[in-house]
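Below are the chains, spelled out letter by letter.
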Amino acid sequence: MVSVRPRRLLMGRSDDFVTGFTMTLLQVLRYPDPRLRHRARPVERVDDEVRRLIDDLFETMYDAPGVGLAAVQVSVDRRVVVVDASEDKSAPLTLVNPEILGREGEEESQEGCLSVPGVYEMVRRAERIRFRALDRDGVPFEADAEGLLAVCIQHECDHLEGRLFVDYLSELKRRRIRKRLEKQRRQGVEAPAPKRREGTVI
Ligand code: NI
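We now turn to the structure provided with this report. (Residues numbered from 1 in each chain as written. Predicted model: local features only at pLDDT ≥ 70, side-chain atom pairs only at ≥ 80, totals over all residues. Heavy atoms only, no water.)

**A short note on the pattern of salt bridges**
- Using the criterion set out here, one finds 20 salt bridges in the structure.
- When the shortest N-O distance is used, the salt bridge between Arg136 and Asp55 registers 3.0 Å. Residue Arg136 is found in the loop between β6 (128-134) and β7 (140-146), and its partner Asp55 is found in helix α2 (residues 48-63); the two are separated by 81 residues along the sequence.
- Assessed through its relative accessible area of 25%, Asp55 is described here as partly exposed.
- Between Glu121 and Lys173 there is a salt bridge, with its nearest N and O atoms 3.1 Å apart. Highlighted residues: Glu121 in strand β5 (residues 116-125) and Lys173 in helix α4 (residues 171-186), separated in sequence by 52 residues.
- One network of salt bridges, with partners in common, ties together Glu111, Arg125, Asp158 and Arg163. (Salt bridge = Lys/Arg side-chain N within 4 Å of Asp/Glu carboxyl O. Helix = DSSP H or I, 4+ residues; strand = E, 2+ residues; numbered from the N terminus. Buried < 20%, exposed > 50% of the residue type's maximum accessible area, 1.4 Å probe, protein only.)

**Topic: the pairing of strand β3 (residues 93-104)**
- Judged from the four bridges that link them, strand β2 (residues 80-83) and β3 form a sheet pairing that is antiparallel. Following the sheet pairing, Val81 is matched in β3 by Leu95. (Pairing = 2+ DSSP bridges.)

**Structural notes on the environment of Gly118**
- Take Gly118: it is sitting in strand β5.
- Overall, the relative accessible area of 33% leaves Gly118 in the partly exposed class.
- Between the C-alpha atom of Gly118 and that of Val201, which follows or precedes it by 83 residues, the distance is 9.3 Å.

**Side note on the environment of Thr24**
- Assignment of secondary structure puts Thr24 in the loop between α1 (6-11) and α2.
- Assessed through its relative accessible area of 42%, Thr24 is described here as partly exposed.
- With 36 residues separating them along the chain, Thr24 and Thr60 place their C-alpha atoms 7.6 Å apart.
- With near-sequence residues (within four places) excluded, Thr24 lies in contact with Asp56, Glu59 and Thr60. (Contact = heavy atoms within 4.5 Å.)

**Some points on α2**
- Taking 1.5 Å per residue, 16 residues should reach 22 Å; α2 reaches 22 Å between its end C-alpha atoms and fits that length.
- All of the buried residues along α2 are Val50, Arg51, Leu53, Ile54, Asp56, Leu57, Phe58, Glu59, Thr60, Met61 and Tyr62. (Expected span 1.5 Å × (residues − 1).)

Taken by themselves, the reported measurements are silent on function.
Right, here's the structure in full:
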């Protein structure tokens, strides 16, 4: 059955991500929510329920906007990740049970995270990776990535282990970020919309 999301109609929004299927924007957990520290469980079978989760993750990621989102960030304890490192939402990539097989080189780039809104810091990661995963049909594949895509995949795989990019920062910096976000939550401050030019929001 095909239906249209009422929210889009009410807001009169023209969106380039209209698929005709009903999707849901999921609530993204914010640091220091302890659920972000869970190690996600592997997906045993990529079925319709998992595909629905994948669709919702893409919808939520594009809406934010971000370039990556892991299921653990929306309180779903599964090893499912979506990524789109393109400028124009043209390269959606689904990774179920992803594994990084090899890492090469090093580079430092500015990262942000939908779960740590408004924070952008330099993080050092491998420049190139080889990875494998299942796609949205449950078919295994293996590929290489470099640049922004490699950063995204490493960042998302960290989420599946309960690790956040702030873990790479100094204790002092992390404490400051934690205090700032806790204060924002107490005051009911909405997360600032990520600005792409400030860094990659993954
Ligand atoms: Ni993130």
